[in-house]
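Topology and contacts: notes
Each chain, written out:
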Amino acid sequence: MSADESLARAEDLLARLEVVRGRLEATDDPEQAIEVLQELAELARQIEAELQRARQAAEADATDA
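Quick look at the structure, then. Only a predicted model underlies this, so the values are computations on that prediction, with no experimental measurement involved.

Focus: the environment of Ala 58
Within the secondary structure layout, Ala 58 lies in helix H2 (residues 30–64). For Ala 58, a relative accessible area of 37% puts it in the partly exposed group. With 56 residues separating them in the primary sequence, Ala 58 and Ser 2 have C-alpha atoms 7.8 Å apart.

A word on the packing of helix H1 (residues 3–26) against H2
Where H1 meets H2, the closest approach of the two axes is 9 Å, and the angle between their N-to-C directions is 165°. Comparing their axes, H2 and H1 come out roughly antiparallel. For H1 against H2, the interelement crossing comes out left-handed. For the contact of H1 with H2, the residue count by class is 19 nonpolar, two polar and seven charged.

Structural notes on H1
Think of an α-helix as turning once every 3.6 residues; residues three or four places apart then point the same way. In this model H1 runs 35 Å from its N-terminal to its C-terminal C-alpha over 24 residues, within 8% of the 34 Å that 1.5 Å per residue would give. All of the buried residues in H1 are Ala 3, Ser 6, Ala 10, Leu 13, Leu 17 and Val 20. On the buried face of H1, the contacting elements are H2.

Cut-offs applied
Residues numbered from 1 in each chain as written. Predicted model: local features only at pLDDT ≥ 70, side-chain atom pairs only at ≥ 80, totals over all residues. Heavy atoms only, no water. Helix = DSSP H or I, 4+ residues; strand = E, 2+ residues; numbered from the N terminus. Buried < 20%, exposed > 50% of the residue type's maximum accessible area, 1.4 Å probe, protein only. Axes fitted to C-alpha atoms, helices over the stretch in contact; angles between N-to-C directions. Parallel < 35°, antiparallel > 145°, perpendicular 65-115°, else oblique. Left-handed = near helix turned anticlockwise from the far one by under 90°. Nonpolar A, V, L, I, M, F, W, Y, C, P; charged D, E, K, R; others polar. Expected span 1.5 Å × (residues − 1). Contact = heavy atoms within 4.5 Å.

What is shown is where atoms sit, not what they do.
As structure tokens, this is what we get:
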């Protein structure tokens, strides 16, 4: 996967994160808030992984050049 593809995926995940964050702000139910927080944490992990892939791909491209 190229750096650009990883960055695009990270941007998509960030958009999803914003939607889920909105759900968190809209709920008053503690149980639902916990579920949404878990979903936010998972999205954050996925975003971090995509950023790491993008960094590695960019470094590999720089080394090849």
